[in-house]
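Coordinate inspection notes
Listed below are the residues making up each chain.
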Amino acid sequence: MTEVILHQPLDMHLHLRDGEMLRTVAPLSAHSFSGALIMPNLVPPVTDGQMLRDYRQQILEAIGDETFEPYMTLFFKPEYDFDFLAPLAEELTAVKLYPAGITTNSEGGVSGFDVEELRPALSAMSELGIPLCIHGETGGFVMDREKEFVPIYEELAVAFPDLMIVMEHITTAESVEALDRHPNLYATITLHHLLITLDDVAGGMLRPHLFCKPIAKRPEDREALLRVALEAHPKVMFGSDSAPHPRHAKEAPGCAAGVFTAPVALPALAELFARHGKLENLQRFVGTNAQENYELDPPKKKVRLVDTPMKVPEKYGDVVPLFAGEEIGWSIASVE
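Presented here is an overview of the structure given in this document. (Residues numbered from 1 in each chain as written. Predicted model: local features only at pLDDT ≥ 70, side-chain atom pairs only at ≥ 80, totals over all residues. Heavy atoms only, no water.)

1. Brief notes about the packing of aromatic side chains
Inclusion rule: Pairing of aromatic rings covers Phe, Tyr and the six-membered ring of Trp, with a centre-to-centre limit of 6.5 Å; geometry is then stacked below 30 degrees between planes, edge-to-face above 60, and tilted otherwise. Each helix is a run of DSSP H or I of at least 4 residues and each strand a run of E of at least 2, with the numbering of both proceeding from the N terminus.
According to the stated counting rule, one finds 9 aromatic pairs in the structure shown. Where F75 meets Y98, the ring centres are 5.2 Å apart and the plane angle is 20°; that geometry is what we call stacked. With F75 in strand β5 (residues 73-75) and Y98 in the loop between β6 (94-97) and α4 (115-128), the pair connects residues that are 23 residues apart, well separated along the chain. Ring pairs connect the aromatic residues F33, F238, F273 and F285, which therefore count as one cluster.

Shown next as structure tokens:
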């Protein structure tokens, strides 16, 4: 039997929603991860300190006795300034910027990327040491949206050299290449973008539970992502972008964007890294890099994964996971 033990695994991009959905999915992440960076795009989005504290409390109530730290974020607004952010700096792990209307519940995001318009907020974040996480897509042709956004990432990286900028859920070779051009650019990569291409989503019968934003790209893009993930590039971190939607919202016209991976993330990653002979690098990808880059001290947790197959449930509540009804080659043996 092959095994790997992970210490303080972290998910640096997680959607937990709210209400009944929160109560369904939060315990699944909290069981196997020590903490996660929680996305703020609720309805309405999390935009002030009281909303942030209320949401954190809802998460803690939803996870019950699990050992888990929700690392909280605010939904970026250009009007944020030093006086607004400074009192929240100890409660905030990052601020998340969405282009307006580009993904789920992002209608209140940024409509333009004029550096001078963003300067007051981003300068304050630089001074306070608050990282900026960005969903980096333009409104262009869907396969080119992330590639077209790379120059914006680079412009921001040059304009704010002391600001940690995280390119969220990158999907293209161009984003991978940008990582090493700027010392303050970092990235998260999802499980599903390491596994699938657009062909898996729409090459045969449409598979709505694989539809996500950013959309899966070409094989050569997946290979670029795999390379830096398997090598545990120091500026690359695991961020699941696990995005639950009820089944009726996925299997419908106007299919909701998001892949629900939280319950299978660690076993599937162990299987992937083992298949490529890189199991020794999994700890850095799912924990150590994030701890160092974000300067985090997550709760102690030890997760033992073994190459014993597990059957993935057809659904959790009303949410269909990645690999629903299938068998994957690894499973969680214990969590301490």
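2. Some thoughts on unusual backbone geometry
That bond from V43 to P44 is cis: its omega, -5°, falls within 30 degrees of zero. Take P44: it is sitting in the loop between β3 (35-38) and α2 (49-63). Following K213, the chain continues into P214 via a peptide bond in cis, with omega recorded as 0°. One can find P214 in the loop between α8 (198-202) and α9 (219-230). Even without a glycine there, the phi angle at A232 is positive, about 55°. Relative to the helices and strands, A232 resides in the loop between α9 and β10 (236-238).

3. Things to note about the pattern of salt bridges
Basically, it comes down to this: Here, a salt bridge means any side-chain nitrogen of Lys or Arg that lies within 4 Å of a carboxyl oxygen of Asp or Glu. Working definition: with a 1.4 Å probe on protein chains only, accessible area under 20% of the residue-type maximum means buried, over 50% means exposed, and in between means partly exposed.
One pass over the full model with this rule turns up 10 salt bridges. The closest approach of N and O atoms between E69 and R56, which form a salt bridge, is 2.9 Å. On the criterion of sequence distance, the pair formed by E69 in strand β4 (residues 69-71) and R56 in helix α2 is long-range, its members being 13 residues apart. For R56, a relative accessible area of 29% gives the class partly exposed.

4. Observations regarding the sheet that holds strand β2 (residues 10-14)
Stated formally: What makes two strands pair is DSSP finding at least two bridges between them. Interaxial angle, 0 to 180 degrees, is taken between N-to-C directions of lines fitted to C-alpha atoms, where a helix line uses only the stretch in contact. Any two residues having at least one pair of non-hydrogen atoms within 4.5 Å are treated as being in contact.
In spatial order, the strands read β2-β3-β4; together these 3 strands make up an open sheet with parallel pairing. At either margin of the open sheet sits one strand with a lone partner, and together these are β2 and β4. Mean inter-strand twist for the sheet, computed between neighbouring axes without regard to direction, equals 25°. Where β2 lies against β3, 3 bridges are found, and the strand directions are parallel. When the sheet's bridge partners are listed, D11 is paired in β3 with A36. Packing against the sheet, α2 makes contact with β3 and β4, and its axis sits at approximately 150° to β4. Here helix α12 (residues 282-294) sits on the sheet and contacts β2 and β3; the angle it forms with β2, its principal contact strand, is near 75°.

5. Points about the packing of α4 against helix α5 (residues 145-159)
The condition that has to hold: By definition in this entry, angles of less than 35 degrees are roughly parallel, angles greater than 145 are roughly antiparallel, angles of 65 to 115 are roughly perpendicular, and the rest are oblique. Here is the rule for handedness: rotate from the far helix to the near one, and if that takes an anticlockwise turn smaller than a right angle the crossing is left-handed, while a clockwise turn gives right-handed.
α5 packs onto α4 with a crossing angle of 55° between their chain directions and a minimal axis gap of 12 Å. Here α4 lies oblique to α5, going by the angle between them. Here α4 and α5 pass one another in a crossing that is right-handed. Across the interface between the two elements, V115, L118, R119 and L122 from α4 touch E155, L156 and A159 from α5.

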